[in-house]
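Chain residues, written in single-letter form:
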Amino acid sequence: MSQSYNRGLVEDFGRWREFTAGMWAWILHKFTGWVLVGYLFTHIAVLSTALPASNAASGVIAAETDVYTTTLQGLESLALVRVLEVGLLAVAVFHILNGVRLLFVDLGVGLEAQDKSFYASLVVTAAIVLASVPTFLEGVF
Amino acid sequence: MSTQIQEESEEATETETETAPVERESPGDRRREAKRTASDQRVASEPVGEIEGDTFRLKVFRYDPEVEGKMEPRFDDFTVPREKGMTVLDALIYARDHYDTTLTFRHSCRQAVCGSDAFFINGRQRLGCQTQISDLDGPVRVEPLPHQDVVKDLVVDMEHFYDQMHAVEPFFQGDTPDGDLEEQRQSRENREKIKMSTRCIWCGACMSSCNIAAGDNEYLGPAAINKAYRFAMDDREEDELKEHRMKILDQEHGVWRCQTQFSCTNVCPKDIPLTEHIQELKREAVKQNLKFW
Ligand code: HEM
Ligand code: SF4
Ligand code: FES
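Scoring rules and cut-offs
- Along each chain, the written sequence defines residue order, and numbers are assigned to residues from 1.
- Chains and ligands are labelled sequentially in the order written, the chains with letters from A and the ligands with numbers from 1.
- With the structure being a predicted model, the display of local features is reserved for residues of pLDDT at least 70 and the display and counting of side-chain atom pairs for 80 or more, all residues being used for whole-chain, interface and lining totals.
- Values reported for side chains reflect all heavy atoms of the structure, with hydrogen atoms and water molecules removed beforehand.
- Distances up to 2.8 Å from the metal define which N, O and S atoms are donors, and 3.2 Å serves for Na, K and Ca; water is absent from the atom set, so sites may look incomplete.
- Segments assigned H or I by DSSP are reported as helices when at least four residues long, segments assigned E as strands when at least two residues long, and all are numbered from the N terminus.
- In this scheme Phe, Tyr and Trp rings, the latter by its six-membered ring, pair at centre separations within 6.5 Å, and the angle between planes marks the pair as stacked below 30 degrees, edge-to-face above 60, and tilted otherwise.
- Residue burial is assigned from relative accessible area. The probe radius is 1.4 Å, only protein chains are included, and a residue is buried under 20% of its type maximum, exposed over 50%, and partly exposed in between.
- When the NZ atom of lysine or the CZ atom of arginine is within 6 Å of a ring's centre and also within 35 degrees of its normal, the charge is said to sit over that ring.
- By convention in this text, a residue qualifies as near a molecule or strand provided that one of its non-hydrogen atoms is within 4 Å of it.
- In the analysis that follows, any N or O atom pair within 3.5 Å is treated as a polar contact, provided that within protein one partner can donate a hydrogen and the other can accept it, and provided that, for residues neighboring in sequence, both atoms belong to side chains.
- Gly is placed with the polar residues, together with every amino acid not listed as nonpolar (Ala, Val, Leu, Ile, Met, Phe, Trp, Tyr, Cys and Pro) or charged (Asp, Glu, Lys and Arg).

Draft legend 1. Structural detail: the coordination of the iron atom of ligand 1. On the protein, A:His95 (NE2) is the one donor atom to the iron atom of ligand 1, at 2.0 Å. Tracing the backbone shows A:His95 in helix α5 (residues 79-107).

Draft legend 2. Seen up close, the packing of aromatic side chains. Going through the model one piece at a time under the given rule, you end up with eight aromatic pairs over all chains. Ring geometry for B:Phe61 versus B:Phe75: centroids 5.8 Å apart, planes at 80°, classification edge-to-face. Of this pair, B:Phe61 sits in strand β1 (residues 55-62) while B:Phe75 sits in strand β2 (residues 74-81), and the two are 14 residues apart along the sequence. Of the residues examined, B:Phe75 reaches a relative accessible area of 22% and is grouped as partly exposed. With 6.2 Å between their ring centres and 40° between their planes, B:Tyr162 and B:Trp202 make a pair best called tilted. Here B:Trp202 lies in the loop between α5 (188-195) and α6 (205-209) and B:Tyr162 lies in helix α4 (residues 159-167), a separation of 40 residues in the sequence. Ring pairs connect the aromatic residues A:Phe94, A:Phe118 and A:Tyr119, which therefore count as one cluster. Just above the ring of B:Phe75 sits the side chain of B:Arg141; from NZ or CZ to the centre is 4.3 Å. The ring of B:Phe231 carries the charged tip of B:Arg230 above its face, separated from the ring centre by 4.3 Å.

Draft legend 3. Local environment of the site of ligand 1. The full set of residues close to ligand 1 is A:His29, A:Lys30, A:Gly33, A:Trp34, A:Leu36, A:Val37, A:His95, A:Ile96, A:Gly99, A:Leu102 and B:Gln259. This site is not confined to one chain, since residues near ligand 1 come from chains A and B. Here A:His95 contributes a side-chain N or O atom positioned 2.8 Å from a nitrogen atom of ligand 1. Within the side chain of B:Gln259, an N or O atom sits 3.4 Å from an oxygen atom of ligand 1. Counting residues per element, the ones that place at least two in the shell around ligand 1 are α1 (21-47) and α5 of chain A. Among the elements that make up the shell around ligand 1, the one with the highest residue count is α1(A) (six residues). Considered class by class, the residues forming the shell around ligand 1 number five nonpolar, five polar and one charged.

Fair warning: the whole summary comes from geometry, so function is off the table for now.
Below, the structure is given as structure tokens:
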């Protein structure tokens, strides 16, 4: 063969409409996994304000004006942060539910229902996230 | 064959609506053209499967590195009469025999046995001979298998796929039994267990659908792993042989590359539960590694 034509990755994201359940589950699982890793770093950054705060005088801590408490209160007063928290919950819940689905797949249990279990994890995620909205968004809007 | 490009482009104007502008257009040409476009659009928008004796549009990927006008890949449109029980392969054969003899694709058995006519039909890997036109939305779009180099039109280079298949030693290696008339028996249960895995026709649809295989050329791919499953799970092969087979599979580019997207299982024309077999081999590999006692 003298020459051939390389079309590259034909099934790239341009074909997302044709992706099947298993493919979506894989994409969402990778995405949510890496979002969780990203959150871990911001989480550590915020929590580490507790280190200087622990040196503050007891009166400051009692008055809730130490760095740790003010940082947290400052963040929680932002509507954007509250919305992102709902997003974080969605990401975490989906990753856990689909993670359990993947564990079953690894055990060879219910492989014929793998698409249904993916849809189920989406629905349960949606239900949990919706139920959490009043708690997370209380008093910011 | 490939020298017929001149003739082809003349014929193609009969059917193509997008490419090849008509030379010296007369009002009649324009009228017929408009009528044809309208009827094509009607065919494309009408629900498929109800109209018998009508035509449908077949869009076929064209490419030939050796012919001037075909070096740039493009799609050709063919108008094909709809017939009862017509498959995509039948439609391709019709287009080749009636419009363009240079249209190239592999086919042989026409009954899902030889595995030579796996194409990317309407966005999914399917066998041309197994896919009914009436099951598809129009226009029917036929492309060569994705993630494989195109040699010409719908013909892809299968060399890599065959290399992966051969890498798992796809042949029975059990000892022959002693005594001339001794039979090599397999239990019914064992035969049932490997039954589905024996059905592979080497069409390459699964490998083409797998986006992990697309990004990792060393990955054995679903078909080869399934082939290995067929022999690793065969009780007539000795334990050392199974161990040897597991060594090939228990590698980064073996079973562990699979990320359970189920793409292969979805497209396999022989309904082989590929993901299930790959997962079972993963567990088998873990079990074997844990056998330190
Ligand atoms: C109960 C909680 C969790 C469960 C059940 C779970 C389950 C899983 C499973 C089964 C996989 C493998 C997916 C595959 O086979 O392709 C996976 C991947 C992953 N998880 Fe989790 N996970 C959990 C929590 C987390 C957390 C908290 C993080 C982040 C800090 C995380 C980050 C990731 C990442 C980045 C991947 C992708 C790894 C890769 O690229 O292959 N997971 N998870
Ligand atoms: S496993 Fe199925 S899709 Fe893959 S090559 Fe064999 S028959 Fe084709
Ligand atoms: S022509 Fe043999 S499988 Fe389709």
